[in-house]
Amino acid sequence: MNLVATITLFSSVAIIFLIGLLASRTNNTSASFMEDYYLGGRSLGGFVLAMTMTATYGSASSFIGGPGVAYNEGLGWVLLSVIQVSTGYFTLMILGKRFAIVAKKYKAITMVDFLKERYQSKWVVLLSSFSIIVFLFSAMAAQWIGGGRLIESITGLSYHSALLIFVLTVLVYVTFGGFRAVTLTDSIQGTIMLIGTVILLTSIIIAGGGISSIMTDLSTENPNLITPYGADGTLSPQYVSSFWILVGVGVVALPQIVIRAMSYKNTRSFHRALIIGTIVVGIIMLNMHLIGVFARPILPGIEVADTVIPLIALEVLPAWLAGIVLAAPLAAIMSTVDSLLLLVSSTIVKDVYINYIQPHAPRKKVRKLSMTITAILGIIVYLIAIHPPDLIIWLNLYTIGGLEAAFIWPVVMGIYWKRGNKYGAIAAIITGFSSYILFQAFYPEPFGMHAVVSSIGISLIAYVGVSLSLKKV
Amino acid sequence: MKELDKNPFKIANREALIGVILVIFHFTWWFAFAYGLGKKDPADYQYILGFPAWFFYSCIAGIIIMSILVFIIVKFFFTDIPFDDEEFEQS
């Protein structure tokens, strides 16, 4: 246990927590509770929008898992990770102004809202709500486990106490603060991540005696570490390229990203977010994964890949600074969790309850219900994270690709192609989703590429084919 | 020029298309340098600022170039449209 690092880590978390609570106070003034709680009243500025996109997307995988893999695979994995820079501009440009205009016209608050208004179909709503709840719920549990493990490895607390601390922090501010609190804290967390990765990378380069000497050490150990092909030469160009779909272009269909694209104030904030987002995602992704690679000559022989980042930070930085810098991955996990929590809660309250159970619920009741559901969900996930069942881990592996395969065409074509209809959307959701699961189970790399590529292809054929053959009566 | 395409949907379509072109350019840049320069024997690699040349161009320069491109394109080719304007509600 490192006392100083623990103290600075928790102070950083406490500050974030306080801001979440303060931000929640502005909630009471707005006219529409739903719009405010779940979308921050559509008033995000450019910096906040860019940071909340980055922080939501940059989850445990990019801060803990990713650098761990880079440690083992070398520069080839950094090459794969920088693909994510494209999400900084592509997602916002594609959903873009047209989506914000349409979403505002529909008064859409969630991605499902948008699909509901666009396709006017109960089945589209139920299918998409169901997939969002199932998949994001498991994604959330996995993130909580990651958060708990991180606190455990820094502080030496037991996994259970670490998890409890993590959960309480997240729950209090998500439950009371809603979207605005989450996006505000996201901005702070995004800033911590940005500065933290720069400090950590610089310190590692100094500790390793400069970039050239680190590269020499790497190629002496295994020349493959400095090629694009991975440590044992297995990262083929077509496999790595297929990640342009999984972690680049396809991200456009993730519900937590989609709702952010309808929450900005005006096109000026949108333009700023594009520029800031690209630069910030670029710096964070490049730095984090380089840190993983550069850690190898300094701390050889780390067995558990997930511990690379905490270990190297404690090694090369003074303890107090390590605590603050490690608040960055913790912050990343937290902000992913908050937004997922809010999204699942909004799916239940807004998309299912208000649409089909009680359409004219009074404002006060909706407010109470939203907060209660958010809190209850958090407690359930906590209980799951204490003893994670295998199913959760399994589902989480499939979350991103599965959601992308299901939703990319209903969302993108829904915006840009007038003739797409509900039959096409239902067909695309079902085929995209099930083909992805089947590929993963039986034939994970069709054409040497990640399964998501083929599933998105099949889903496109289904969407266009069915839309054209079953025209709206 | 901007007088011609006041229709917000047209502007939005054009900007989405720019997004697609950017991502294709980005992919080409990334792929060409990574595998064009990276397929050599590691012993023959050239180094720039300590990094292997393929990595420097593909990843580091790639990110810098994309940031600059996005900046230029957004500043000069993206149009502000009002969101609270009633007139495009019917379009």
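Residues numbered from 1 in each chain as written. Chains lettered and ligands numbered in written order. Predicted model: local features only at pLDDT ≥ 70, side-chain atom pairs only at ≥ 80, totals over all residues.

- Chain A has the name Sodium/pantothenate symporter in an unreviewed UniProt entry, where Gracilibacillus orientalis is given as its organism.
- In its Sequence similarities (unreviewed entry) section, the UniProt record describing chain A reads: "Belongs to the sodium:solute symporter (SSF) (TC 2.A.21) family."
- Of chain A, the UniProt comment under Subcellular location (unreviewed entry) reads exactly: "Membrane". (UniProt positions renumbered as here; feature names shortened; annotations may be inferred.)

**Concerning the overall build of chain B**
- Per the secondary structure count, chain B includes two helices and two strands.
- Written out in order from the N terminus, the α and β elements of chain B read α-β-β-α.
- Buried positions account for 30% of the 91 residues belonging to chain B.
- Across chain B, contacts joining residues at least 24 apart in sequence account for 59% of those joining residues at least 6 apart. (Helix = DSSP H or I, 4+ residues; strand = E, 2+ residues; numbered from the N terminus. Buried ≥ 20, exposed ≤ 12 C-beta atoms within 10 Å, placed from the backbone. Contact = placed C-beta atoms within 7 Å.)

**Remarks on the UniProt feature "transmembrane region" (unreviewed entry) in chain B**
Residue and element names in this part refer to chain B.
- Here, UniProt's "transmembrane region" (unreviewed entry) annotation points to residues 16–35 and 55–78.
- In residues 16–35, the share of helix is 100% and the share of strand is 0%. The end C-alpha atoms are 29 Å apart.
- In the segment residues 55–78, helix accounts for 96% and strand for 0%; the C-alpha atoms at its two ends are 31 Å apart.

**Re the interface of chain B and chain A**
- Counting residues at the interface gives 41 residues for chain B, matched by 40 residues for chain A.
- Going through the elements one at a time, helix H1 (8–38), strand S2 (51–52) and helix H2 (53–77) of chain B are the ones with two or more residues in the side of chain B that touches chain A.
- Counting residues per element, the side of chain B that touches chain A draws most heavily on H1(B), which supplies 17 residues.
- Across the side of chain B that touches chain A, the residue classes break down as 30 nonpolar, eight polar and three charged. (Nonpolar A, V, L, I, M, F, W, Y, C, P; charged D, E, K, R; others polar.)

**Re the environment of A:Gln440**
Residues and elements named next belong to chain A.
- Relative to the assigned elements, Gln440 resides in helix H18 (residues 422–442).
- Residue class for Gln440 comes out partly exposed when judged on the 19 C-beta atoms lying within 10 Å of it.
- With 261 residues separating them along the chain, Gln440 and Phe179 place their C-alpha atoms 34 Å apart.
- Ignoring sequence-local partners within four residues, the contact set of Gln440 consists of Tyr398 and Ala451.

**Some details on the nonpolar core**
- Judged by nonpolar contacts, the single largest core of 186 residues is most densely connected at A:Met140, A:Trp144 and A:Val252.
- If we skip the residues at most four places from it in the chain, A:Val252 touches A:Phe90, A:Thr91, A:Ile94, A:Leu95, A:Ile257, A:Ile408 and A:Val412. (Core = buried A, V, L, I, M, F, W, Y, C linked by C-beta atoms within 7 Å.)

**Points about helix H10 (residues 211–221) of chain A**
- Taken residue by residue, H10(A) has A:Ile214, A:Met215 and A:Leu218 as its buried positions. Taken down its axis, H10(A) places every buried residue within 100° of arc, on the same side. (Arc of directions from axis to C-beta.)

**With respect to the environment of A:Glu221**
- With respect to the secondary-structure elements, A:Glu221 resides in helix H10.
- Spatially, the C-alpha atoms of A:Glu221 and A:Arg296 are 9.9 Å apart, while their sequence positions differ by 75 residues.

**Some details on the packing of helix H6 (residues 85–105) of chain A against helix H13 (residues 267–298) of chain A**
All names here are of chain A.
- In the contact formed by H6 and H13, the axes pass within 6 Å of each other and the chain directions differ by 160°. Here H6 is positioned roughly antiparallel relative to H13, judged by the angle of their axes. Relative to H13, the crossing made by H6 is right-handed. Facing Val85, Thr87, Gly88, Tyr89, Leu92, Met93 and Lys97 of H6, the residues of H13 in contact are Thr267, Phe270, Ala273, Leu274, Gly277, Thr278, Val281, Gly282 and Met285. (Axes fitted to C-alpha atoms, helices over the stretch in contact; angles between N-to-C directions. Parallel < 35°, antiparallel > 145°, perpendicular 65-115°, else oblique. Left-handed = near helix turned anticlockwise from the far one by under 90°.)

**Quick look at the environment of A:Ser43**
- Mapped onto the elements of the fold, A:Ser43 is located in the loop between helix H2 (33–39) and helix H3 (46–57).
- Note: C-alpha distance between A:Ser43 and A:Ser467 (424 residues apart in sequence) is 35 Å.

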